[in-house]
Amino acid sequence: MIEKELICVTCPMGCRITVTMEGKEVLSVKGNTCPRGEAYARQECVQPMRILTSTVRITDGTHRVLPVITEKEIPLEKMSEAMSEVREVTVSAPIEVNDVIIENIAGTGVRLIASRSMARL
Ligand code: SF4
């Protein structure tokens, strides 16, 4: 049995949460002020999720790189594979904000999209 200490990042209160686990099973969650904190702590301990933000190369654009972001969180364990895919991508200007850059990043079912528009030079 192990105890993990977390700070809930779901809202600015930043409650300190203690999760007791047996292997991958959550036995108890303490310290959260609301149910969202428990949900966050369980997710963080069983399968942590993150939004990926990065840049991809762009040709003929007003800048050399284009900022991109995943539409939703993806499993933290998929982040390295996802970044490998991001590094392989080169797009061409013009690009509109929310254009899809990668349809199914790292097999997660989540789209990587442009987080800004970029005109052609
Ligand atoms: S447990 Fe609830 S109140 Fe506390 S930081 Fe998380 S979301 Fe906010």
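The rules behind these values
Residues numbered from 1 in each chain as written. Predicted model: local features only at pLDDT ≥ 70, side-chain atom pairs only at ≥ 80, totals over all residues. Heavy atoms only, no water. Helix = DSSP H or I, 4+ residues; strand = E, 2+ residues; numbered from the N terminus. Polar contact = N/O pair within 3.5 Å; in protein donor to acceptor, adjacent residues only side chain to side chain. Contact = heavy atoms within 4.5 Å. Domains from an automatic or database assignment. Salt bridge = Lys/Arg side-chain N within 4 Å of Asp/Glu carboxyl O. Buried < 20%, exposed > 50% of the residue type's maximum accessible area, 1.4 Å probe, protein only. Core = buried A, V, L, I, M, F, W, Y, C linked by side-chain atoms within 4.5 Å. Expected span 1.5 Å × (residues − 1). Arc of directions from axis to C-beta.

S.K.: Give me the side chain of Thr 18: which residues, what numbers.
M.R.: By the secondary structure assignment, Thr 18 is in strand S2 (residues 16-22). Reaching out from Thr 18, the side chain makes a polar contact with the side chain of Glu 5 at a distance of 3.2 Å. Discounting residues that sit within four places of it in the chain, Thr 18 has contacts with Glu 3, Lys 4, Glu 5, Ser 28, Val 29 and Lys 30.

S.K.: Which residues make up the domain arrangement of the protein chain, and what are the values?
M.R.: Segmentation of the protein chain into domains returns domain 1 (2-46) and domain 2 (53-114). With centres defined by C-alpha atoms, the gap from domain 1 to domain 2 works out at 30 Å.

S.K.: Let's hear about the pattern of salt bridges: which residues, and what values?
M.R.: For the structure shown, the criterion picks out five salt bridges. Notably, a salt bridge pairs Arg 111 with Glu 71, separated by 3.0 Å at the nearest N-O pair. Within this pair, whereas Arg 111 is found in the loop between strand S9 (100-102) and strand S10 (112-114), its partner Glu 71 is found in the loop between strand S6 (65-70) and strand S7 (74-75), the two being separated by 40 residues in sequence. Exposure remark for Glu 71: the relative accessible area of 40% places this residue in the partly exposed category.

S.K.: Provide a residue-level description of the nonpolar core, including the pertinent values.
M.R.: In this structure, Val 56, Leu 66, Val 91, Ile 101, Ile 105 and Leu 112 are the most contacted members of the largest nonpolar core, which totals 21 residues. Elements supplying a minimum of two residues to this core: strand S5 (53-59), S6, helix H2 (79-88), S9 and S10. Element by element, the count of residues in this core is highest for H2, at three residues. Excluding its chain neighbours within four sequence positions, the residues that come into contact with Leu 112 are Leu 52, Val 68, Ile 69, Thr 70, Val 86, Asp 99, Val 100, Ile 101, Ile 102 and Ile 105. With ten residues, the next largest nonpolar core counts Leu 6, Ile 17, Met 21 and Ala 41 among its residues.

S.K.: I'd like to hear about helix H1 (residues 35-46), residue by residue, with values.
M.R.: With twelve residues, H1 should reach 16 Å at 1.5 Å per residue; the first-to-last C-alpha distance of 17 Å fits that figure. Residues Gly 37, Tyr 40, Ala 41, Glu 44 and Cys 45 constitute the buried set of H1. Along H1, the residues classed as buried sweep out an arc of 120° about the axis, all on the same side. Tucked into the core, H1 has its buried residues touching strand S1 (2-7), S2, strand S3 (25-30) and strand S4 (49-50).

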